[in-house]
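Structural description and commentary
Spelled out from the first residue to the last, the chains are:
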Amino acid sequence: MALTGVQIYKFLPKTNCKECGFPTCLSFAMKLAQRSTELSACPYVSDEAKQNLEAASKPPIRLITVGTGKKKIEVGNEVVLFRHEKTFVHQTGIVYRIKDSDADPVAKAKEAASYTIERVGIDMSIDGIAVQNDSGDAAKFAKCAADIKAAVDVALILISSDTAALKAALEVIGDDKPLIYAATVDNAEAMIELAKEYSCPLAIYGNGLEEVAGLTEQATKAGLEDLVIDPATRGYCDSLTALTQLRRLAIKKSFSLLGYPVITFPGEGAESADDEAMLAGMHIAKYSSIIVLDNFLPAIVYPLLTTRLNIYTDPQKPIQMAAGVYPLGEPTPDSCLCVTTNFSLTYFSIAGELESSGFPSWLLVCDTEGLSVLTAWAAGKFEAERIAKAIKDFKVADSISHKKIILPGGVSILKGELEDELPDWEILIGPREAMAIGSYLKQNWS
Ligand code: SF4
């Protein structure tokens, strides 16, 4: 049972030292009760108090790992219902389902696992392959899983209702800690034993939340904690309702039997590949931890990967570029020098336009803590002094033979101050929008 802020406060040192980032121990306790901070933020909590506060500081949704190494999927550990309250922690794992009866399952796995797109400097791809025992043949299923494991470096999910087939597959890929799917009321005991024997996470499939809670209770009593829930709802309305209830019960009511990541199969409730994509997008937003796709098409996966990136980017920590001087299109010392901020979207907008402008360029990126040009200027983080310092720190003079710098048009107001900071430089005012930089250079840079 979660503790209230006042109950937590009783265990804190009550010195109001502020080292946790909050003005008083009481405000820290209130935030801890809301799970908006972590107990480790206070360095002065005694071991005894830590034990008592464990329930309050424990994530309401257990962290589960599927797979091993670099390509493992980590899901759970979420502490809020809405992203704006804090952030979502572990992004939804996107997995592609392949059946052992498919023609050339290894080729399908390779095609899906090798698909990568780059956005704002981040390479994105799917996270796993689910291998389904569609043939009913245990040996064929095990071979298919082993072949896929050998061919691709992603997390695996093994899908079968036959424990003998699962055991055969686990014998060959058990060390990879695949997710076993799934324990039901009919086979729970055997599935739980299998998951324990191979130390793998287990999916729980229950018709309704009550049945799910009964199965998770059975598993935890047997000593198995690494669980993933499938509430057996498909389609838009039912799955949204079930996933929202699960998240609410885990986070708001601290109902630990439902405090596990959730797996969904949007293709099973869809009428077409497009429909599956829309359902998958909804599940990424609310609140699926792993989605298993039946259709692998770039036109489907691309928007899902970008949706996931947008939702799981911490709104308090914008995606940033490293500050520095970036060469775009093999510039020479005579090439133009533009300046911008280190907000990734800003950088990639201007960099893309410069690269396609036909003018090889230098782009000076100032550290503005990830803020865009106007926001950074308004916050006092993109000003003349900082630009002048960046020119010096990054030894811009070593790269160029002139002393001209192009300011974003939106901050032309900085021209005078920058002339004071850089008296022997010519300060040019570029366009307000990145898309106009090409025509600006045609007219103003020879
Ligand atoms: Fe209180 Fe600990 Fe925060 Fe200091 S760091 S104000 S002792 S909760």
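On a predicted model such as this, the values are computed, not experimentally measured, just so you know. Chains are numbered independently. Their residues run from 1 in the order of the written sequence. Since the coordinates come from a predicted model, pLDDT governs what is reported: local features require at least 70, and pairs of side-chain atoms require 80 or more to be given and counted, while whole-chain, interface and lining totals use all residues. Calculated side-chain values reflect all of the structure's heavy atoms, with hydrogen atoms and water omitted.

**Here we look at the pattern of salt bridges**
Counted as salt bridges are all cases of a side-chain nitrogen of Lys or Arg within 4 Å of a carboxyl oxygen of Asp or Glu. Summed over the entire model, instances satisfying the criterion amount to 18 salt bridges. For Lys 252, the salt bridge identified is with Glu 85, shortest N-O distance 3.9 Å. Of this pair, Lys 252 sits in the loop between α10 (236-251) and β11 (263-264) while Glu 85 sits in the loop between β2 (73-75) and β3 (93-99), placing them 167 residues apart in sequence. Between Glu 197 and Lys 167 there is a salt bridge, with the nearest N and O atoms lying 2.8 Å from each other. Separated by 30 residues along the polypeptide, Glu 197 in helix α8 (residues 188-198) and Lys 167 in helix α7 (residues 163-173) bring together distant segments of the chain. Helical segments are the DSSP runs of H or I of at least four residues, strand segments are the runs of E of at least two, and each set is numbered from the N terminus.

**What to know about the domain arrangement of the chain**
Partitioning the chain into domains gives domain 1 (5-57), domain 2 (64-311) and domain 3 (324-444). These domain limits were set by an automatic method or by a database of domain assignments. Each of domain 2 and domain 3 has a C-alpha centre, and the two are 45 Å apart.

**Details of the nonpolar core**
Within this scheme, the nonpolar core is defined by two criteria: the residues are buried Ala, Val, Leu, Ile, Met, Phe, Trp, Tyr or Cys, and they are joined through side-chain atoms within 4.5 Å. Exposure classes here rest on a 1.4 Å probe applied to the protein chains alone. A residue is buried below 20% of its type maximum, exposed above 50%, and partly exposed in between. Counting 72 residues, the largest nonpolar core has Ile 94, Ile 126, Ile 129, Ile 148, Leu 158, Ile 180 and Leu 202 as its most contacted members. Considering each element in turn, this core owes the most residues, seven residues, to helix α12 (residues 298-312). Contacts are assigned to residue pairs with any non-hydrogen atoms lying within 4.5 Å of each other. Ignoring sequence-local partners within four residues, the contact set of Ile 126 consists of Ile 94, Tyr 96, Ala 112, Ala 113, Tyr 115, Val 154, Phe 296, Val 301 and Leu 305. In terms of nonpolar packing, the next biggest core, distinct from the first, is built from 23 residues, Ile 387, Ala 390, Val 396 and Ile 405 among them.

**Topic: the sheet that holds β3**
Here we have eight strands laid out as an open sheet, ordered β10-β9-β8-β7-β6-β3-β12-β11, and parallel in their pairing. The sheet is open, and its two borders are formed by β10 (227-230) and β11, each paired with just one other strand. Whether two strands pair comes down to DSSP finding at least two bridges between them. Of the strand pairs in this sheet, strand β8 (residues 179-183) and strand β9 (residues 202-205) are connected by two bridges, and their pairing is parallel. Residue pairing for β9: Ile 180 is matched across the bridge by Leu 202.

**Comments concerning the packing of aromatic side chains**
Centres within 6.5 Å make a pair out of two Phe, Tyr or Trp rings, where for Trp the six-membered ring is used; the pair is then stacked when the planes are under 30 degrees apart, edge-to-face when over 60, and tilted otherwise. Going through the model one piece at a time under the given rule, you end up with eight aromatic pairs. Judged by centre distance (5.9 Å) and plane angle (55°), the rings of Phe 22 and Phe 28 are tilted. The exposure class assigned to Phe 28 is buried, which follows from its relative accessible area of 1%. The interplanar angle of 55° and the centroid separation of 5.0 Å between the aromatic rings of Tyr 326 and Tyr 347 together place this pair among those described as tilted. Pair noted here: Tyr 326 is in strand β13 (residues 324-328) and Tyr 347 is in helix α13 (residues 344-356), with a separation of 21 residues, a long-range link. Taken individually, Tyr 326 and Tyr 347 each receive the classification buried, so the pair is uniform in this respect. By way of ring pairs, the aromatic residues Phe 88, Tyr 287 and Tyr 312 are connected into one cluster.

**Here's the deal with the environment of Leu 246**
Structurally, Leu 246 is set in helix α10. You can call Leu 246 buried: its relative accessible area is 2%. Along the primary structure Leu 246 and Lys 86 are separated by 160 residues, whereas in three dimensions their C-alpha atoms are 19 Å apart.

**Digging into a negative patch on the surface**
Nonpolar side chains (Val, Leu, Ile, Met, Phe, Trp, Tyr) within 5 Å and like charges within 9 Å form the patches, drawn only from residues with over 30% relative accessible area and no salt bridge. Accessible surface is estimated by sampling points in the Shrake-Rupley manner with a 1.4 Å probe; for residues, cover comes only from the protein chains shown. We treat Lys and Arg as the positive residues and Asp and Glu as the negative residues; His and chain ends play no part in the count. Note that the charge is assigned to NZ on lysines, CZ on arginines, CG on aspartates and CD on glutamates. Together, Glu 385, Glu 417, Asp 420 and Glu 421 make up a region of like negative charge exposed at the surface. Broken down by element, the negative patch gets its largest block of residues, three residues, from helix α16 (residues 415-421).

**Describing unusual backbone geometry**
Put simply, Tyr 181 and Ala 182 share a cis peptide bond, and its omega is 0°. With respect to the secondary-structure elements, Ala 182 resides in strand β8. Residue Lys 286 is joined to Tyr 287 through a cis peptide bond whose omega torsion reads -25°. By the secondary structure assignment, Tyr 287 is in the loop between α11 (273-285) and β12 (290-293). In this structure, Lys 14 takes a positive phi of about 60° despite not being glycine. Turning to its location among the elements, Lys 14 is positioned in the loop between α1 (5-9) and α2 (25-33). Here Lys 14 falls in the partly exposed class, since its relative accessible area comes to 40%. Here Lys 177, not a glycine, exhibits a phi torsion of approximately 50°, which is positive. Within the element layout of this structure, Lys 177 appears in the loop between α7 and β8.

**Some details on the pairing of β12**
Burial along β12 is two-sided: Ile 290 and Val 292 facing one way and Ile 291 and Leu 293 facing the other are all buried. Where β3 meets β12, four bridges bridge the pair, whose relative direction is parallel. Within β12, the residue paired with Gly 93 across the bridge is Ile 290. Where β11 and β12 come together, two bridges link them in parallel fashion. Looking across to β12, one finds that Ile 263 is bridged to Ile 290. In this fold, β11 hands off to α11, which returns the chain to β12; that crossover is right-handed. The definition of a right-handed crossover adopted here requires that, viewed with the strands pointing away, the path from the first strand over the helix to the second runs clockwise.

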